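Now for the letters of each chain:
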Amino acid sequence: MKARRTKMKIYIDILRSIQKDRGKLKKTHIVHKANLTHSRLENYMDFLLSEGFVKRDKKGREIFFILTDKGREFLGEINKLKKISEAFGVPF
Amino acid sequence: MHILIPVWFHGFDSIMYFISSIIGFILSFYFYKIYSISNEKRHLYLYLGFLFLSMGLLILSITNLFSYIALSNCRNSCLLGITDNVFSFEDFSYLTYFGLSLFAYVMFLFAYRIKEFKFSKFFIIGFLAYLIVISILLPFNEEPRVWHSYHEYFHLVSLIMMGFLSFRNIINYIEKKSLGSLLVMVAFFFIFLFHLFHIFSFISGWMYILAHISMMTGFSALLLMVLRVKK
């Protein structure tokens, strides 16, 4: 059985999914890649937007989410913690 | 059995324990951060393991220094807390260090999924039995130097646990082949050597020195791993 993701893990999954797509991704794609429902994603995106980890970019009818420098720095810190954990042979 | 410590080395061991405890606290801090994100029990065990190990080393560092200061104050002949048959502050501190370290190693064993091997119950029962034996025998201990008579049991139990942890980290290094996993493997192996040399510290003062150099090397490897990642 897979363990429930923490709130923090979900934020990381959202940011990583944006980062993997050259730092810019449509909302529907985030839903799919971060494995979330539309309504749940709304709540998480509100927080990420208010904290400045991502910003909204509207092009015509489409809305994109762009990873900010703050978001990139945060993911960099997470990757460092991941490396420490994996050096001990415990997956992150 | 007694421990031979060269006089010129007095105080160096306290400094080494102190530095090692700081490195341990740094690692416990990182594992706390990791645990708060992942909510994984294995990270919690590593956090608690490093926290208890650091607390034990800090207590040992202070007690050791206190003993050396007391020793330098009585130049001719005097009885220190650790050399009489009264259960003193030093005896309590050393036993606290033993207890905290063993608890930390048990946490590390849990972090390495020892339950997969059905050993967890064995280790918990063994650990509790060890504590019960110590608490039963302590009041009837005829030998002076209460804590000295227990240090070899502590190092022997630690040696077995560290042997297992080193083995798991060798496997991890073979699988990952990364510098980080190499440094962690080296760290656990040198802490294993620390306990091994300590057991034979009744033979020569050099065994005691080698034990502490090994401990310092082990913790330095852990610090190097963290610094390398944080760079």
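Use the structure listed above.
Everything quoted here is computed from the prediction, not taken from an experiment. (Residues numbered from 1 in each chain as written. Chains lettered and ligands numbered in written order. Predicted model: local features only at pLDDT ≥ 70, side-chain atom pairs only at ≥ 80, totals over all residues.)

## Notes on the overall build of chain A
When you go through chain A residue by residue, the secondary structure sums to 4 helices and 3 strands. Along chain A, from the amino end to the carboxyl end, the secondary structure elements read α-β-α-α-β-β-α. Here the C-alpha coordinates of chain A stretch approximately 50 × 30 × 20 Å along the principal axes. Each of the 92 residues in chain A was classed as buried or not, and the buried ones make up 25%. For chain A, contacts bridging at least 24 residues in sequence account for 43% of all contacts bridging at least 6. (Helix = DSSP H or I, 4+ residues; strand = E, 2+ residues; numbered from the N terminus. Buried ≥ 20, exposed ≤ 12 C-beta atoms within 10 Å, placed from the backbone. Contact = placed C-beta atoms within 7 Å.)

## Examining the sheet that holds strand E2 (residues 54-59) of chain A
Residues and elements named next belong to chain A. The strand order across the open sheet built from 3 strands is E1-E3-E2, with neighbouring strands paired in antiparallel fashion. Both edges of this open sheet fall to strand E1 (24-26) and E2, since each of them pairs with a single strand only. Averaged over all adjacent pairs, the angle separating strand axes in this sheet is 30°, with direction ignored. As judged from the 6 bridges shared by E2 and strand E3 (residues 62-67), these two strands associate in the antiparallel manner. Its bridge partner lying in E3, Lys 59 is registered against Glu 62. (Pairing = 2+ DSSP bridges. Axes fitted to C-alpha atoms, helices over the stretch in contact; angles between N-to-C directions.)

## Regarding the environment of Tyr173(B)
Residue and element names in this part refer to chain B. Structurally, Tyr 173 can be placed in helix H5 (residues 148-176). C-beta crowding within 10 Å serves as the criterion here: with 20 such atoms nearby, Tyr 173 is assigned to the buried category. For the pair Tyr 173 and Leu 183, spaced 10 residues apart in the sequence, the C-alpha separation amounts to 9.1 Å.

## Focus on the interface of chain A and chain B
Across the contact, 14 residues belong to chain A and 22 residues belong to chain B. At 7 residues, helix H4 (residues 69-87) of chain A tops the list of elements feeding residues into the side of chain A that touches chain B. For the side of chain A that touches chain B, a count of residues per class yields 7 nonpolar, 3 polar and 4 charged. (Nonpolar A, V, L, I, M, F, W, Y, C, P; charged D, E, K, R; others polar.)

## A word on the packing of H4(A) against helix H6 (residues 179-199) of chain B
Running from N to C, H4(A) and H6(B) cross one another at 45°; their axes reach a closest spacing of 8 Å. For the element pair H4(A) / H6(B), the angle class is oblique. H4(A) and H6(B) meet at a crossing whose hand is right-handed. Two secondary-structure elements touch here, H4(A) through Lys83(A), Glu86(A) and Ala87(A) and H6(B) through Gly180(B), Ser181(B), Leu183(B) and Val184(B). Residues belonging to the contact of H4(A) with H6(B) are distributed by class as follows: 3 nonpolar, 2 polar and 2 charged. (Parallel < 35°, antiparallel > 145°, perpendicular 65-115°, else oblique. Left-handed = near helix turned anticlockwise from the far one by under 90°.)

## Some details on the packing of helix H1 (residues 12-38) of chain B against helix H7 (residues 205-230) of chain B
Residues and elements named next belong to chain B. Taken N-terminus to C-terminus, the directions of H1 and H7 make an angle of 30°; their axes are 10 Å apart at the nearest point. Regarding the angle of H1 to H7, the classification is roughly parallel. Crossing of H1 against H7: the hand is left-handed. In this structure, H1 uses Asp 13, Met 16, Ile 19, Ser 20, Ile 23, Ile 26, Leu 27 and Tyr 30 to contact H7, whose residues at the interface are His 212, Met 215, Met 216, Phe 219, Leu 222, Leu 223 and Val 226.

## Focus: unusual backbone geometry
Residue Asn35(A) is not a glycine yet carries a positive backbone phi of 55°. Of note, Asn35(A) is situated in the loop between helix H2 (27-33) and helix H3 (38-50). Although it is not a glycine, Asn39(B) adopts a positive phi angle of roughly 60°. Considering the arrangement of structural elements, one finds Asn39(B) in the loop between H1 and helix H2 (41-73).

## Thoughts on the nonpolar core
Counting residues in each nonpolar core, the largest one holds 67 residues, and the members touching the most others are Ala187(B) and Phe188(B). Elements represented by at least two residues in this core include exactly H4 of chain A together with H1, H2, helix H3 (89-111), H5, H6 and H7 of chain B. Grouped together as the second largest cluster of nonpolar side chains are 15 residues, Tyr11(A), Ile14(A), Leu15(A) and Phe53(A) included. (Core = buried A, V, L, I, M, F, W, Y, C linked by C-beta atoms within 7 Å.)

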